[in-house]
Amino acid sequence: MMSLELLLKDYTLQIVALGSAVLGAVSGVLGSFAVLRKQSLLGDAVSHAALPGIAFVFLITGIKNTEMLLLGALISGLIGTFMIIIIDQYTRIKFDSALGLTLSSFFGLGLVLLTYIQKLPNSNQAGLEHFIFGQASTLLKRDVFIMIGLGVIILLVVALFWKELKLFSFDPQFGKSIGFSNVKINVILSSITVVAIIIGLQSVGVILMSALLVAPGVAARQWTDKLSMMVILAALFGIFSGVLGTLISSLVDNMPTGPVIVVVISLIVFFSLFFASNRGIFWRHIKHGKNKRNINDSRVLINLYELALNHKDVYHPHKTEVINLTNNKDKGNANVIKRLLYLCEKGYAKRDYFDTWSITDKGIKKAKSIIDNQGGESL
Amino acid sequence: MTPQLEIVIIAVIVSAACSVLGVFLILRKMAMMTDAISHTILLGIVVAFFITESLTSPLLIIGAALVGLLTVYLTEALRRTRLMAEDSSIGIVFPFLFSIAIILITKYAGNIHLDVDSVLLGELVFVPFDRLIVLGRDIGAKSLYVMGTILFIDLLYVILFYKELKLVTFDAALAAVLGFSPIAIHYSLMGLVSITAVGAFEAVGSILVIAFMIGPPVSAYMITDKLRNMLILSTLIGIINSIIGYRLSVIFDVAIAGSIATVIGITFLIVFITAPKRGMLTIINSRRRRKIEYAMASLLLHLCNHENTDREEIESNRHSIYQHLNWSKKFLEKILYKALNLNYITLNNEYLKLTPKGREYAIRCYDDIGYSI
């Protein structure tokens, strides 16, 4: 409650939260495509590749103008992305090696330029590295407006090319065969992704920007099989973690905003992995246990049925050891008794004596239908 | 030993240690794990620092290496759920652990010297200041001995387990069938990568660690197809790059790590363009040659098909044939020029006619296509 009040009153906080929310939404949407195309780490490489552009622009202009620096970052980010795509297409080098190579050599070049700038007489270069390492708390109203403007453009482009992007993410070969140009779509998607990364750099920094591009998409993927739902969910997760992260970092002393946002979104991912409907590990585990028990029950019943067929009197009782098919006598017996008790409860078997069991009419019918269905029927 | 010489030797040792392991990483599609590990070890350093309250304790290296392994394990665990691809699992684990490290540093170690930027970027210039003193005598820079030991272990590991590494890298299933454990090899390799990254990270910073682990092996991969040659070549490239990078950084007075990383990138670019078998130039050339060869065969086959039929006049007119073949006019002119030069066809008024040589060529092409189908 206190945090809500703070959010409504504190102007600076509103600005930062708004910026983080926009960033979360945009990177959630674009991240969904990156995750589906198995290019999650592109964000990491591009955000590193932006450094030489920033340093180069500063070297030429000598002033710290946000728009110009962003433009430099954008251009060198794009060059990096196209290098990665070209290396990936023309050589046998794997995509991840191309990423790592571009990331390290571009960042290295950026460091070279930064140290070169530092040595220049009376250059006011202090704080240039904040562009790379990010500082959400220093976001200004103007920065947030730029972010909103670019964010809206990016979302419009996604809406406009929705069909192509969808086709490209799931079946590029088919798309090519019916006449869509993969190269063009790749260029469009990479370009808007680079723009999104560049606007994120300033607030959360290089390393954390890559998380924002991966995590919302992965979390959203767990809840749905539809691309449209996935994109919307990813955007919502992005917004939620952006706002919550900003709030936490403003309520607790000495809490850096970017890392808190990343921790929040990571927790959302872990929660989704465990509890998402259908796919979640937790539900999968329960379903798995149920299936296993079901199969064991059927196995015991069929065994009982086959034993019964060997006798003139089908209701002839059998000892637990005979019914048990496993090698492990002690543990196996206990297990079989448990299964048999369950069968008795359902009326498929009868306990004759304290460790002998016989099948019932209902059980015979059930066993026959299981065999006819090749085990496909559950008890 | 002068500090300059020490810096160069340390750079060379680090490059050799990293590029030997890097070869296996890029072949096993684990290149980005180096990026992940070289960032998450910060968490190990921070936690070990809180326990020992000292920045020089060897526990820091152990803690960092353990977190490196933890990163590998968590990534594997996430991937094994089959709920996400491998690259996504890396992209989730490493920013998460790294963020925790940054939060811990800002919250609890704000007043202690544990500067994030300097940890990440590293600076070789300061390496010679950290001396190893044994029995009161200065025997050289500490990093020299640390990295020397690590290089020795890495080389020993690769030489001793060369066969196993090769098998697991190229055919993990076969290795498992033959009784080698791909998991044991995987974790021992990643353990060494962690230790190497930790040791190198102190000296050269994480960016150069990534550059050394990926750059030289990838360049070597462009040149050779043999694992042994690739190991030797990538070590050599790493060593040469660090010497050139250091010289350039002295000349221009810039960051050594950045300069070496840039040289590594440029080396790759040169290899990428000019490599004998897989370079861009070769690929573009051979694609163009194949395109022309194919076009020539299409033209000759087209003429051959319609030779002595009643449609011959329509099909072999030089002003309309490009429409039949679905080519541009310019492309047709180019191919025609070549065909005339090679004496495959003759120009009779406006009609193209096959020469005996051209007919023979067309028939041979037809047979080749028949065989390949």
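Chemist: So what exactly am I meant to see when it comes to the overall build of chain A here?
Modeler: Helix and strand counts for chain A come out as 18 helices and three strands. Every one of the 379 residues in chain A was classed for burial, and the buried ones make up 52%. Across chain A, contacts joining residues at least 24 apart in sequence account for 67% of those joining residues at least 6 apart. A total of about 18000 Å² of accessible surface is found on chain A, and carbon and sulfur atoms cover 64% of it.

Chemist: Can you walk me through the overall build of chain B in this structure?
Modeler: Helix and strand counts for chain B come out as 17 helices and four strands. In terms of overall dimensions, chain B has a C-alpha envelope of 100 × 50 × 40 Å along the principal axes. Looking at the 373 residues of chain B, the share that counts as buried comes to 54%. Partitioning the contacts of chain B with sequence separation of at least 6, the portion at a separation of at least 24 is 66%. Accessible area for chain B stands at about 17900 Å²; split by element, carbon and sulfur atoms hold 63% of it. Computing the positive centroid from 31 side-chain charges and the negative centroid from 28, chain B places the two 5 Å apart.

Chemist: Looking at this structure, I do not really get the interface of chain B and chain A. What am I missing?
Modeler: How big an interface is tends to be expressed through the accessible area that disappears when the partners come together. Taken together, the contacts link 57 residues of chain B with 57 residues of chain A. A combined buried area of about 4900 Å² lies between chain B and chain A, and 74% of that area is made up of carbon and sulfur atoms. Along the contact surface separating chain B from chain A lie one salt bridge. Note that A:R92 and B:D225 form a salt bridge whose closest N and O atoms lie 2.8 Å from each other.

Chemist: How should empty space enclosed by the protein be read in this particular structure?
Modeler: One water molecule sets the probe size; rolling that probe over the atoms shows where empty space is left. Residue and element names in this part refer to chain A. Per the counting criterion, the structure on display carries five cavities of 30 Å³ or more. Together, L30, F33, A34, R37, Q39, L42, L189, S190 and T193 line the largest cavity. Looking at the lining of the largest cavity, the elements that each hand over two or more residues are α2 (11-36) and α11 (182-204). Counted by class, the lining of the largest cavity contains five nonpolar, three polar and one charged residues.

Chemist: Help me understand the environment of B:P58, please; the structure alone is not making it clear to me.
Modeler: In this structure, B:P58 sits in the loop between α2 (31-52) and α3 (59-80). Assessed through its relative accessible area of 60%, B:P58 is described here as exposed.

Chemist: When you look at the side chain of B:D87 in this model, what are you seeing that I'm missing?
Modeler: By the secondary structure assignment, B:D87 is in helix α4 (residues 86-108). The side chain of B:D87 sits in the buried core without any salt bridge; A:K38 is the nearest counter-charge, 6.6 Å away. Those residues within four positions of B:D87 in sequence are excluded, and the remaining contacts are A:K38, A:Q39, A:S40 and A:L41.

Chemist: Help me understand the domain arrangement of chain B in this model?
Modeler: If you check the domain split of chain B, you get domain 1 (3-114 + 135-278) and domain 2 (282-372). For domain 1 of chain B and domain 2 of chain B, the distance between their C-alpha centres works out to 55 Å.

Chemist: Any chance you could explain the packing of aromatic side chains here in plain terms?
Modeler: Describing an aromatic ring pair means giving the distance of the ring centres and the angle of the ring planes. All told, the structure shown has eleven aromatic pairs over all chains when counted by the stated rule. Taking the centre distance of 6.2 Å and the plane angle of 75 degrees together, the rings of A:F33 and A:W162 count as edge-to-face. Taken together, the residues span a long stretch of sequence, with A:F33 in helix α2 and A:W162 in helix α9 (residues 162-170) at a distance of 129 residues. An angle of 45 degrees between the planes, with centres 6.2 Å apart, marks the rings of A:F274 and A:F275 as tilted. With relative accessibility at 41%, the residue A:F274 sits in the partly exposed group. It is A:R92 that lies over the ring of B:Y221; its NZ or CZ is 4.1 Å from the centre.

Chemist: Would you explain the environment of B:L5 in this entry?
Modeler: All names here are of chain B. Within the secondary structure layout, L5 lies in helix α1 (residues 3-27). Residue class for L5 comes out partly exposed when judged on its relative accessible area of 43%. Sequence-wise, L5 and R288 are 283 residues apart; in three dimensions their C-alpha atoms are separated by 49 Å.

Chemist: Would you take a moment to explain the sheet that holds strand β2 (residues 349-353) of chain A for this structure?
Modeler: Through backbone hydrogen bonds, the strands of a sheet pair up, either in parallel or in antiparallel fashion. All names here are of chain A. Taking strand neighbours across the sheet as the criterion, the three strands line up as β1-β3-β2 in an open arrangement whose pairing is antiparallel. In the strand order of this sheet, the two ends are held by β1 (318-319) and β2, each with one partner. The pairing of β1 with strand β3 (residues 356-359) spans two bridges and is antiparallel. What sits directly across from K319, in β3, is T356. Packed onto the sheet, helix α15 (residues 281-309) meets β1, β2 and β3 and runs at close to 85 degrees relative to β3.

Chemist: Which parts of the structure should I look at to understand the environment of B:A141?
Modeler: The topology assignment puts B:A141 in strand β2 (residues 137-141). By relative accessible area, B:A141 is classed as buried at 0%.

Chemist: Sorry, what's going on with the packing of α15(A) against helix α18 (residues 361-372) of chain A here?
Modeler: Each pair of packed helices gets described by two things: the angle between the helix axes and the distance between those axes. All names here are of chain A. Running from N to C, α15 and α18 point in directions that differ by 110 degrees, and their axes come no closer than 9 Å. With respect to each other, α15 and α18 are oriented roughly perpendicular. With respect to the hand of their crossing, α15 and α18 are arranged in left-handed fashion. Contacts between α15 and α18 pair S298, L301, I302 and Y305 from the former with G363, I364, K366, A367, K368, I370 and I371 from the latter.

Chemist: Where do I start with the pattern of salt bridges in this structure?
Modeler: Once the charged atoms of two side chains with opposite charge are near each other, the side chains can pair. Under the defined criterion, the tally for this structure stands at seven salt bridges over all chains. When the shortest N-O distance is used, the salt bridge between B:R79 and B:E76 registers 3.4 Å. Note that B:R79 and B:E76 are positioned in helix α3 at a spacing of three residues, about one turn of the helix. Residue classification places B:R79 among the partly exposed residues on the basis of a relative accessible area of 30%. For B:K277, the salt bridge identified is with B:D225, shortest N-O distance 3.6 Å. Of the two residues, B:K277 is situated in the loop between α12 (256-274) and α13 (280-306) and B:D225 in the loop between α10 (206-223) and α11 (227-252); the sequence distance between them amounts to 52 residues. The network of salt bridges with common partners includes A:R92, B:D225, B:K277 and B:R278.

Chemist: I tried to follow helix α4 (residues 51-61) of chain A on my own but got confused; where do I start?
Modeler: Residues spaced three or four apart along an α-helix point in a common direction, a consequence of the helix completing one turn every 3.6 residues. Listed in full, the buried residues belonging to α4(A) are A:L51, A:P52, A:G53, A:I54, A:A55, A:V57 and A:F58. Residue A:G62 follows α4(A) closely and has a positive phi angle near 75 degrees.

Chemist: I would appreciate a short explanation of a positive patch on the surface in the present structure.
Modeler: All names here are of chain B. The grouping of R288, K291, K330, K334 and K338 at the surface amounts to a positive patch. Elements that contribute at least two residues to the positive patch include exactly α13 and α16 (329-341). By residue number, the principal contributor to the positive patch is α16, which donates three residues. Mapped onto the elements of the fold, K291 is located in helix α13. Accessibility expressed as a relative area gives 53% for K291, which makes it exposed.

Chemist: Explanation requested: the confidence of the model for chain A in the structure shown.
Modeler: Reading predicted coordinates in detail is not appropriate for stretches of low pLDDT. Taken as a whole, chain A shows an average pLDDT of 82; of its residues, 90% reach a score of 70 or greater. Confidence, expressed as mean pLDDT per element, reaches its minimum in chain A at helix α7 (residues 130-133) of chain A with 62 and its maximum at helix α13 (residues 227-251) of chain A with 90.

Chemist: It is not clear to me how the domain arrangement of chain A should be interpreted in this structure. Could you clarify?
Modeler: Domain annotation for chain A reports domain 1 (2-265) and domain 2 (283-372). Between domain 1 of chain A and domain 2 of chain A, the C-alpha centre-to-centre distance is 59 Å.

So, how was this worked out
- Residues numbered from 1 in each chain as written.
- Chains lettered and ligands numbered in written order.
- Predicted model: local features only at pLDDT ≥ 70, side-chain atom pairs only at ≥ 80, totals over all residues.
- Heavy atoms only, no water.
- Helix = DSSP H or I, 4+ residues; strand = E, 2+ residues; numbered from the N terminus.
- Buried < 20%, exposed > 50% of the residue type's maximum accessible area, 1.4 Å probe, protein only.
- Contact = heavy atoms within 4.5 Å.
- Areas by Shrake-Rupley, 256 points an atom, 1.4 Å probe, with all protein chains shown as cover.
- Lys, Arg positive; Asp, Glu negative; His and termini not counted.
- Charge placed at Lys NZ, Arg CZ, Asp CG, Glu CD.
- Buried area = accessible area lost by both parts, 1.4 Å probe.
- Salt bridge = Lys/Arg side-chain N within 4 Å of Asp/Glu carboxyl O.
- 1 Å grid on protein atoms, 1.4 Å probe; cavity = no way out; pocket = protein on both sides within 12 Å on 5 of 7 lines; lining within 4 Å.
- Points joined across faces, edges and corners; volume = space filled by probe spheres on them.
- Nonpolar A, V, L, I, M, F, W, Y, C, P; charged D, E, K, R; others polar.
- Domains from an automatic or database assignment.
- Phe/Tyr/Trp six-rings, centres within 6.5 Å; stacked < 30°, edge-to-face > 60°.
- Lys NZ or Arg CZ within 6 Å of the ring centre and 35° of its normal.
- Pairing = 2+ DSSP bridges.
- Axes fitted to C-alpha atoms, helices over the stretch in contact; angles between N-to-C directions.
- Parallel < 35°, antiparallel > 145°, perpendicular 65-115°, else oblique.
- Left-handed = near helix turned anticlockwise from the far one by under 90°.
- Patch = residues over 30% accessible without salt bridge, like charges linked within 9 Å, V, L, I, M, F, W, Y side chains within 5 Å.
- pLDDT = per-residue confidence, 0-100.

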